[in-house]
Amino acid sequence: MATHKLIVRFSPSKQQEFRIDQVTVNIGRKPDNDIVIDMPVVSGNHARVLHEGDRIVVEDLKSTNGTFVNKKKITKVVLNHKDIIYIGKSQIMYLNDDATSRMPPQSKDGADLDATMVLQTKAHGQMKGGGKPGVGGLSVIEGDTNRTEYALEARLCTIGKVETSTVQIKGMLTPKTAALINRTDTGYVISQPSGGSKIKLNGSSVEGRVALKDGDIIETYGYKFQFFMNR
């Protein structure tokens, strides 16, 4: 019989293994969950992983900030060996020991779990072979945009109403520039434009310049994005 596991990565240096022995594994911020992720961006009862016949599925429980599998927002989806569930800033890798015996130790993005851990421990969000950060991006969680993901490649990226914005958003009250995201030598920072007041980062209002971290949730003028770093 196959053994199903979840490897929960709370931070680059902290991870924990959970076997999916019971019918359902509940995930959320409340202490009565099987996997507790104590972060403001995680809902009390955020998601669950369960057996459906011989398959393992993950289901979002109408969480505030959404559940992602391989960086795509999901409602309910069947998990495959080495799929990664993103909840808040935590990453949960699903492993199927039966598949492990039949497959080479290679993840979807070409790096095994140990290599990924070494990379993240050396420098969060940095690329192999260099000290400069990789290219970050935004995944659209809520709001009508023309794309689901945006790469933040320029030194100055903007979220706003004008067509030249990196991420164009709509709405009668939306300003020309709603948020500024600067790409620096050490990472990304977000700030309000002059006179702006409607950016929230992980539920808190942005004041001044604030460094962005992988998994941060950005809200502005009815839109919601998740910041990520490519690896």
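Residues numbered from 1 in each chain as written. Predicted model: local features only at pLDDT ≥ 70, side-chain atom pairs only at ≥ 80, totals over all residues. Heavy atoms only, no water.

Backbone hydrogen bonds are what pair the strands of a sheet, in a parallel or an antiparallel way. In space, the 6 strands of this open sheet follow the order 13-12-22-21-18-19, with antiparallel pairing throughout. Strand pairing shows two members of the sheet lacking a second neighbour, strand 13 (149-152) and strand 19 (204-205), which therefore form its edges. The pairing of strand 12 (residues 136-142) with strand 13 spans 4 bridges and is classified as antiparallel. Counterpart to Ser139 in the pairing with strand 13 is Glu149. (Pairing = 2+ DSSP bridges. Helix = DSSP H or I, 4+ residues; strand = E, 2+ residues; numbered from the N terminus.)

In this section: the packing of aromatic side chains. Enumeration over the complete set of coordinates arrives at 2 aromatic pairs. Where Tyr223 meets Phe225, the ring centres are 6.3 Å apart and the plane angle is 10 degrees; that geometry is what we call stacked. On the basis of relative accessible area, Tyr223 is assigned to the buried category, the value being 7%. By relative accessible area, which is 0% here, Phe225 ends up buried. (Phe/Tyr/Trp six-rings, centres within 6.5 Å; stacked < 30°, edge-to-face > 60°. Buried < 20%, exposed > 50% of the residue type's maximum accessible area, 1.4 Å probe, protein only.)

Moving on: the sheet that holds strand 17 (residues 188-191). Strand order in the open sheet formed by 5 strands is 15-14-16-17-20, with mixed pairing between adjacent strands. The outermost strands of the open sheet, each flanked by one partner alone, are strand 15 (167-168) and strand 20 (209-211). Sheet analysis places strand 14 (residues 156-160) next to strand 16 (residues 179-183), joined by 4 bridges and oriented antiparallel. Of the residues in strand 16, the one forming a bridge with Ile159 is Ala179.

Moving on, we come to the nonpolar core. For soluble globular proteins, nonpolar side chains are generally found buried alongside one another. In terms of nonpolar packing, the biggest core is built from 30 residues, with Leu6 and Val49 touching the most fellow members. For this core, the elements supplying multiple residues, two or more each, are strand 1 (4-11), strand 3 (24-28), strand 5 (47-52), strand 6 (55-60), strand 7 (67-69), strand 10 (84-87) and strand 11 (90-96). Ignoring anything within four residues of it in the chain, the contact list for Leu6 reads Gln16, Glu17, Phe18, Ile20, Val25, Ile35, Val49, Ile92, Met93 and Tyr94. Counting residues in each nonpolar core, the second largest holds 22 residues, with Val140, Tyr150, Tyr223 and Met229 among its members. (Core = buried A, V, L, I, M, F, W, Y, C linked by side-chain atoms within 4.5 Å. Contact = heavy atoms within 4.5 Å.)

All right, on to the pattern of salt bridges then. Taken as a whole and assessed by the stated rule, the structure comprises 7 salt bridges. The salt bridge partner of Asp144 is Lys170, with a shortest N-O separation of 3.2 Å. Residue Asp144 is found in the loop between strand 12 and strand 13, and its partner Lys170 is found in the loop between strand 15 and strand 16; the two are separated by 26 residues along the sequence. (Salt bridge = Lys/Arg side-chain N within 4 Å of Asp/Glu carboxyl O.)

The next point concerns empty space enclosed by the protein. One pass over the full model with this rule turns up 2 cavities of 30 Å³ or more. The computed volume of the largest cavity comes to approximately 120 Å³. Lining the largest cavity are Lys71, Tyr86, Gly88, Lys89, Ser90, Gln91, Ser139, Asp214, Gly215, Gln226, Phe227 and Phe228. Listing elements by their share of the lining of the largest cavity, those giving two or more residues are strand 11 and strand 22 (223-229). In terms of residue class, the lining of the largest cavity is made up of 3 nonpolar, 6 polar and 3 charged. (1 Å grid on protein atoms, 1.4 Å probe; cavity = no way out; pocket = protein on both sides within 12 Å on 5 of 7 lines; lining within 4 Å. Points joined across faces, edges and corners; volume = space filled by probe spheres on them. Nonpolar A, V, L, I, M, F, W, Y, C, P; charged D, E, K, R; others polar.)

Geometry only, nothing functional implied.
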